[in-house]
Amino acid sequence: MTLRATVAELVREFRASGRIVIVGASLAGLRAAETLREEGFTGSLTVIGDEAYEPYDRPPLSKQVLKGWVPADHTKLPRMREVDADWRLGVAAVGLDRVTKQVSLADGEQVPYDRLLIATGTRARQWPNPAEAALHGVHTIRSRDDAEQLQKALAEPPSRVLVVGAGFIGSEVASVCRELDIPVTVVERGSAPLVGALGGVIGEIAAQMQRDHGVDLRCGLGVSSLEGDSEGHVRRARLSDGTTVDADVVVASLGSIRNVEWLEGSGLAAGFWGVGCDAGGRAFDINGVVTDSIYVAGDVARAPHVLYEYQFLAMEHWDNAVFGAEVAAHNMVNLEPHYRPHLLLPGFWSGQFGVNIKSVGVPPFGDEIVFTQGSVEERRFAAAYGHRGRIVAAVTFDHGKWLEYYGKLIEQSGSFPPPPPGWDQPPDMKPMPAEFPDPRVPTGIPDVVLTGHAPSERTAEFRPRRH
Amino acid sequence: MRIVVDLNRCQGYAQCVYLAHEVFKLNGQEALTYEPNPDDDRRLQVERAAAACPVQAIVIDRLDGAKRGETP
Ligand SMILES: Cc1cc2nc3c(=O)[nH]c(=O)nc-3n(C[C@H](O)[C@H](O)[C@H](O)COP(=O)(O)OP(=O)(O)OC[C@H]3O[C@@H](n4cnc5c(N)ncnc54)[C@H](O)[C@@H]3O)c2cc1C
Ligand code: SF4
């Protein structure tokens, strides 16, 4: 047999009877499993998830579920096809041995794999003081259980809710509170809501929107401590300016932590920002060498993106999980030159205060912004972000239909400011600074992280040159 | 039944709201919210809504629940 024929035979054999393990049974894990079957993989497929539930969708949790319209257990994801997997739910993966190719589970079992997909996502950052975090009435929101508990607390209703952190999720919680006519205070360390993701110019608009809806918004402040009553229920928060806020529900919306601890000691490039991988989803080891058998997708992955100067992007966006999973799954059962790249133009949406906020591209990559359509006063507009004379992102408030127009320009590295779309043009189209916080100052809660290179995080071993 | 709307794609045309208003609702001018697991007796309505969506943003499960013997 020729070498080529042997390789082809090996691929065929792997597709027929290989063993694939997926760790993380949520959006990325499920879509990867479906794609593997779609692509003709008939070998054994094991999906490991530490939550006891079958894969469900998270975006509704902070929106229609909190509002009480949709029960938390009504978020199960649709199945695109049969996946015929061995589902190990309610048990966490606790270790990875790349030499013996085994994943160890919390119940002591070892699961062998030929190819592994890491899709363990992120978890909510908890309130930093454990005693205060344990007070009744202190919530975070990431899982179905979290949403169910918070929804119940909101239904009581509380006399006041305190939201700590005005990123997307915090802002959505505040919005739901106002829809339910619950008094709400939002405390944000940055200068405005959404400032990490969309910058200070848009942040100001978001701030005004919150205030117009009766949110007691306090920016440039932190919460220094939470105080409970004798029954251990939270009652008050002390802010960094010495003032206090009385609240019986506190939602800590402090961003997320990537679920990488189980990979410690595996030698993979896994750390604070996630698991590094190439644009095809293949994980890097700590030396920056690509692995052949381990793939990453979803919120836990960070990969270089050609449109953004090959910076490693970590994206906590729904479509990134879907598309990243599809690409990784495809590459798991194919060989070069049939690999596909994960070159999605990033995008997300958020619904808050009756406004549909959407974005394409990577706003924090831009340093300038220009309003290109609509009216800021009416909160119906589009704005583009620029970096060195090219358009790198766009944001819309109730102008979602125009996103595609901007998306195309971004994909083509079009010029900034972009050519006027010739519709609904504002009188003033002068670019101005977008006002993103200094990335080195850990203030805002970015949903996309431009991770770059952190020399202090150097984990590779450097050997002296031998003569 | 289970559905998910790809809200990156959705352009708020409200076709789905028109055809299945118990399942799809607009919150404001164009922010869509929906019941992800509507009752099975709404299937026809939801299928009509999915077919009518101009950008094909509504994904409906192709299975009636998971396969027997498969957990979940
Ligand atoms: C409340 C909320 C609202 C959101 N709203 C929006 C929105 O409006 N728009 C948008 O674009 N995105 C939104 N997102 C983000 C979106 O939900 C995520 O991008 C998406 O869920 C990522 O999917 P994933 O599969 O990568 O990770 P996850 O959904 O985090 O899934 C990872 C899974 O792996 C499990 N796991 C972790 N560690 C282990 C282990 N060691 N062993 C076994 N299992 C493990 C976790 O428990 C989890 O079930 C929202 C997220 C939340 C929480
Ligand atoms: S019909 Fe489609 S585009 Fe219109 S609101 Fe419904 S899901 Fe969105």
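This one's a predicted model, so the numbers in the text were calculated from it and none came from an experiment.

### Concerning helix α5 (residues 168-179) of chain A
All names here are of chain A.
- Taking 1.5 Å per residue, 12 residues should reach 16 Å; α5 reaches 16 Å between its end C-alpha atoms and fits that length.
- Within α5 the residues assigned to the buried category are F168, G170, S171, E172, V173, A174, S175, V176 and C177.
- In this structure, the buried side of α5 is in contact with α4 (144-155), β10 (161-164), β11 (184-188), α6 (195-212), β16 (249-252) and β24 (347-352).
- D181 sits one or two positions beyond α5 and adopts a positive phi of about 65°.

### A look at the UniProt feature "domain: FAD/NAD(P)-binding" (unreviewed entry) in chain A
- UniProt records the feature "domain: FAD/NAD(P)-binding" (unreviewed entry) at residues 19-322 of chain A, using the numbering of this structure.
- With 21% helix and 31% strand, the stretch residues 19-322 of chain A has end C-alpha atoms that lie 22 Å from each other.

### Overview of unusual backbone geometry
All names here are of chain A.
- Omega for the bond connecting E156 with P157 falls within 30 degrees of zero, at -5°, which places this linkage in the cis form.
- Following the sequence through the fold, P157 ends up in the loop between α4 and β10.
- A cis geometry characterises the amide bond from E336 onward to P337, with omega recorded as 5°.
- Tracing the sequence through the fold places P337 in the loop between α7 (318-332) and β24.

### Thoughts on the sheet that holds β16 of chain A
All names here are of chain A.
- Spatial strand order, β9-β16-β10-β11-β12: 5 strands in an open sheet with parallel pairing. Two strands bound the open sheet, and with one partner strand each, they are β9 (138-139) and β12 (216-219).
- Sheet analysis places β9 next to β16, joined by 2 bridges and oriented parallel. Bridge pairing in β16 links V138 to V250.

### Some details on the packing of aromatic side chains
Residue and element names in this part refer to chain A.
- Tallied over the full model, the rule gives 13 aromatic pairs over all chains.
- Taking 6.1 Å as the distance between ring centres and 50° as the angle between the ring planes, the aromatic pair formed by F284 and F312 counts as tilted. Of this pair, F284 sits in strand β20 (residues 282-284) while F312 sits in strand β23 (residues 312-315); the two residues are 28 residues apart in sequence, bridging distant segments of the chain.
- Residues Y308 and F365 carry aromatic rings whose centres are separated by 5.0 Å and whose planes lie at 75° to one another, so their mutual orientation is edge-to-face. Within this pair, whereas Y308 is found in the loop between β22 (301-304) and β23, its partner F365 is found in the loop between β25 (355-361) and β26 (368-375), the two being separated by 57 residues in sequence. Both residues of the pair, Y308 and F365, belong to the buried class.

### Some thoughts on the interface of chain B and chain A
- Taken together, the 34 residues of chain B in the interface contact 40 residues of chain A.
- Both faces considered, chain B and chain A share a buried interface measuring about 3,100 Å² in area, 51% of it formed by carbon and sulfur atoms.
- Where chain B touches chain A, the interface holds 1 salt bridge.
- Where R2 of chain B meets E54 of chain A, a salt bridge forms, and the shortest distance between an N and an O atom there is 3.1 Å.
- At the junction of chain B and chain A, the tally comes to 18 residue pairs in polar contact (both at pLDDT 80 or more).
- When residues of the side of chain B that touches chain A are traced back to their parent elements, those giving at least two are β1 (3-5), β2 (24-27), β3 (31-34) and β4 (58-60) of chain B.
- Residue contributions to the side of chain B that touches chain A peak at 3 residues, all from β3 of chain B.
- Its residues assigned to classes, the side of chain B that touches chain A comprises 14 nonpolar, 9 polar and 11 charged.

### Regarding the nonpolar core
- By size, the foremost hydrophobic cluster in this structure holds 67 residues, and its most contacted members are V161, L198, I202, Y308, Y385 and F397 of chain A.
- Top contributing element to this core by residue count: α6 of chain A, with 8 residues.
- Excluding residues that lie within four positions of it along the chain, Y308 of chain A makes contacts with L313, L345, P346, G361, V362, F365, V392 and I410 of chain A.
- Counting residues in hydrophobic clusters, the runner-up holds 50 residues, among them L32, A50, A57 and I58 of chain B.

### Description of the site of ligand 2
- With respect to spatial proximity, 13 residues lie near ligand 2, and among them C10, Y13, A14, C16 and C53 of chain B are the closest.
- Looking at the shell around ligand 2 residue by residue, the class counts come to 10 nonpolar, 3 polar and no charged.

Criteria and cut-off values
- Residues numbered from 1 in each chain as written.
- Chains lettered and ligands numbered in written order.
- Predicted model: local features only at pLDDT ≥ 70, side-chain atom pairs only at ≥ 80, totals over all residues.
- Heavy atoms only, no water.
- Helix = DSSP H or I, 4+ residues; strand = E, 2+ residues; numbered from the N terminus.
- Expected span 1.5 Å × (residues − 1).
- Buried < 20%, exposed > 50% of the residue type's maximum accessible area, 1.4 Å probe, protein only.
- Contact = heavy atoms within 4.5 Å.
- UniProt positions renumbered as here; feature names shortened; annotations may be inferred.
- Pairing = 2+ DSSP bridges.
- Phe/Tyr/Trp six-rings, centres within 6.5 Å; stacked < 30°, edge-to-face > 60°.
- Buried area = accessible area lost by both parts, 1.4 Å probe.
- Salt bridge = Lys/Arg side-chain N within 4 Å of Asp/Glu carboxyl O.
- Polar contact = N/O pair within 3.5 Å; in protein donor to acceptor, adjacent residues only side chain to side chain.
- Nonpolar A, V, L, I, M, F, W, Y, C, P; charged D, E, K, R; others polar.
- Core = buried A, V, L, I, M, F, W, Y, C linked by side-chain atoms within 4.5 Å.
- Near = heavy atom within 4 Å.

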